[in-house]
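# Structure assessment
Listed below, chain by chain, are the residues.
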Amino acid sequence: MKGLTAWHLLRTSGRVAPGESVVVHAGAGGTGSTAVQLAKTFGAGRVIATASTQEKRDLALALGADVAVEADAEGLKDRLAEASGGRKVDVVLEMAGGRVFEESLAPFGRLVTYGMAGRQAPEPVHAAQLMGRSRAAVGFWLMHAIGRPGMYQDHLSELLEMVEDGRLSPRVGRVYPLAEGARAHEDLPARRTVGKLVLDTSR
């Protein structure tokens, strides 16, 4: 799920071209940690990850991000500008909901939103805002790709090959006994996790 989501965020919705800059919010999370790796593999020129702790930022850097910045909303626009050398970015992968920094997008930039981990609805997007800078806002949900020809099996095979030859390293952050499933749902929005969380049904 995380691999296919990241693949489609970058290829199908974000249409990342070689040399373009990519911002991956929650760059140490399940999808984010995969997207950081794939963005570099797909030829992104500069990958900027955001994460809430230094440990998570270090992980994003270890996975291939060029820069990792504090994720707190206060001052984020300025940190992204500094991380991109003062240039606006081409693609932003956003999954928290709430306020988004569309002003950080370059002309023809793409904002791809795929979640509301912050439990807030995204800010409204107005057509005039998009037209004024030739920008795009795109939503993605993996379930719409399942069952569509050419959007599932081939890409999954590609991802598995990348894992096998070492180009992609899936991150399992923590395994919870099924009886502690509620704690996993508490830890995730509280930003106490990295990588993909797993529920062990045998415990």
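Anyway, here's the lowdown on the structure attached to this text. These numbers come from a predicted model, not from an experiment.

### Regarding helix α4 (residues 76-83)
- L76, L80 and A83 are the residues of α4 that are buried. Axial view of α4: buried residues confined to an arc of 65 degrees, hence all on one face. The exposed residues of α4 that point more than 90 degrees off its buried face are D78 and E82.
- On the buried face of α4, the contacting elements are β1 (21-24), β2 (46-51) and β3 (67-70).
- One or two positions beyond α4, positive phi appears at G85, with a value near 65 degrees.

### A closer look at the nonpolar core
- Counting residues in hydrophobic clusters, the biggest one holds 33 residues, and the most contacted among them are L10, V22, V24, V36, L38, V47 and L93.
- The set of elements that each furnish at least two residues to this core consists of α1 (2-13), β1, α2 (30-41), β2, α3 (54-62), β4 (89-94) and α6 (153-164).
- At 5 residues, α1 tops the list of elements feeding residues into this core.
- Filtering out sequence-adjacent residues up to four positions away, L10 remains in contact with R15, V16, V22, A35, L38, A39, F42 and L93.
- Residues I48, V69, V89 and V92 belong to the second largest nonpolar core, which totals 11 residues.

### A few points about the packing of α1 against α2
- Relative to each other, α1 and α2 sit at 50 degrees, their axes nearing to 8 Å. Regarding the angle of α1 to α2, the classification is oblique. Like other packed secondary-structure pairs, α1 and α2 cross with a definite hand, here right-handed. Within the contact between the two elements, α1 uses K2, G3, T5, A6, W7, L9 and L10 and α2 uses G30, T31, T34, A35, L38 and A39.
- Grouping the amino acids of the contact of α1 with α2 by side-chain chemistry returns 7 nonpolar, 5 polar and 1 charged.

The rules we used
Residues numbered from 1 in each chain as written. Predicted model: local features only at pLDDT ≥ 70, side-chain atom pairs only at ≥ 80, totals over all residues. Heavy atoms only, no water. Buried < 20%, exposed > 50% of the residue type's maximum accessible area, 1.4 Å probe, protein only. Helix = DSSP H or I, 4+ residues; strand = E, 2+ residues; numbered from the N terminus. Arc of directions from axis to C-beta. Contact = heavy atoms within 4.5 Å. Core = buried A, V, L, I, M, F, W, Y, C linked by side-chain atoms within 4.5 Å. Axes fitted to C-alpha atoms, helices over the stretch in contact; angles between N-to-C directions. Parallel < 35°, antiparallel > 145°, perpendicular 65-115°, else oblique. Left-handed = near helix turned anticlockwise from the far one by under 90°. Nonpolar A, V, L, I, M, F, W, Y, C, P; charged D, E, K, R; others polar.

Limitation: the analysis is restricted to geometry and does not speak to function.
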